[in-house]
Amino acid sequence: MVLEAYADTILPGHKRWPGDRAVAGVSPDGGAVAAGALLTLRSEEGGMAPALDTLADRLDEHAQEYAAETGLDLDPTVPAFVSLDYPDRIRLVQRLTDPTHPEREAWTGLAMFSVIAFDAAAHSHTEEALAAGHVGLNIIGFRRPGPDGLWRFDTYSYGRQLARPHPDTTPSGSPA
């Protein structure tokens, strides 16, 4: 729940059910949690899985310290970070990811996993994620392959062609 709340702070989404405490519900669309941030964090390839329990505990400790400093009352029925309102989650994450914070690398790494889950569906194959309606890929407009299975983008991402293909480029796009 703590890691979901952190991921939701990085890329907010809509609540999954009315009483959802981890997802703050500040976005009309799905965010990092709906995009699979926890699956990405837990993946063997990412290498973060062994540290997740420690990171969740440490994040809660920071939330308790933050609440004490700011005079906030935390809800004892949920973890401390989850108890924070969204604006306070943001302020704490800003503090933790500040270049002067000694644990910055851990918190920035956790944030990066949230983003990569959303932008790339890193926990699954791209075709499977698209078929399942992956929220992040849909929001960023990731296009499906053509009928022949090839990935093409018939419009340029900058709205214009940046360079002409080399004259020796083959019809398949390979350099000659």
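Anyway, here's the lowdown on the structure attached to this text. (Residues numbered from 1 in each chain as written. Predicted model: local features only at pLDDT ≥ 70, side-chain atom pairs only at ≥ 80, totals over all residues. Heavy atoms only, no water.)

The subject of this paragraph is the overall build of the chain. Regarding its fold elements, the chain presents 8 helices and 0 strands. For the chain, whose C-alpha radius of gyration is 20 Å, the value lies well above the compact-globule estimate of 16 Å for 176 residues. Summarising its shape, the C-alpha atoms of the chain cover approximately 65 × 40 × 30 Å along the three principal directions. Relative to all contacts within the chain whose residues are 6 or more apart in sequence, the contacts with residues 24 or more apart total 49%. Accessible surface, the chain: about 10,700 Å² in total, of which carbon and sulfur atoms supply 54%. (Helix = DSSP H or I, 4+ residues; strand = E, 2+ residues; numbered from the N terminus. Rg over C-alpha atoms; globule rule 2.2 N^0.38 Å. Contact = heavy atoms within 4.5 Å. Areas by Shrake-Rupley, 256 points an atom, 1.4 Å probe, with all protein chains shown as cover.)

Right, let's get into the packing of aromatic side chains. Taken as a whole and assessed by the stated rule, the structure comprises 2 aromatic pairs. With a centroid separation of 6.3 Å and 40° between ring planes, the pair formed by Y6 and F81 is classed as tilted. Of this pair, Y6 sits in helix α1 (residues 2-10) while F81 is found in helix α4 (residues 80-83), placing the two residues 75 residues apart along the sequence. Ring centres 5.9 Å apart and planes at 45° place the aromatic pair Y6 and W107 in the tilted group. Taken as a pair, Y6 in helix α1 and W107 in helix α6 (residues 104-120) lie far apart in primary sequence, 101 residues in all. Comparing Y6 with W107, the two get one shared label, buried. Here a set of aromatic residues connected by ring pairs shows up, and it is made of Y6, F81 and W107. (Phe/Tyr/Trp six-rings, centres within 6.5 Å; stacked < 30°, edge-to-face > 60°. Buried < 20%, exposed > 50% of the residue type's maximum accessible area, 1.4 Å probe, protein only.)

Our next topic: the nonpolar core. Ranked by internal contacts, the top residues of the largest apolar core, which has 25 residues, are Y6, F81 and L110. Looking at this core, the elements with two or more residues in it are α1, α2 (37-42), α3 (52-70), α4, α5 (86-96) and α6. In terms of residue count, α3 provides more of this core than any other element does, 6 residues in total. Here L110 is in contact with L3, Y6, L41, M48, L52 and L55, once residues within four sequence places are set aside. Core analysis: the second largest hydrophobic core is formed by 6 residues, A7, V23, A32 and V33 among them. (Core = buried A, V, L, I, M, F, W, Y, C linked by side-chain atoms within 4.5 Å.)

Before going further, it helps to spend a moment on the packing of α3 against α5. Between α3 and α5, the shortest axis-to-axis distance is 11 Å and the interhelical angle comes to 115°. With respect to α5, the element α3 is oriented roughly perpendicular. Crossing angle aside, the handedness with which α3 passes α5 is right-handed. Each of L59, H62, A63, Y66 and E69 in α3 lies in contact with α5, whose residues at this interface are D88, R91, L92, R95 and L96. In the contact of α3 with α5, the residues fall into 5 nonpolar, 1 polar and 4 charged. (Axes fitted to C-alpha atoms, helices over the stretch in contact; angles between N-to-C directions. Parallel < 35°, antiparallel > 145°, perpendicular 65-115°, else oblique. Left-handed = near helix turned anticlockwise from the far one by under 90°. Nonpolar A, V, L, I, M, F, W, Y, C, P; charged D, E, K, R; others polar.)

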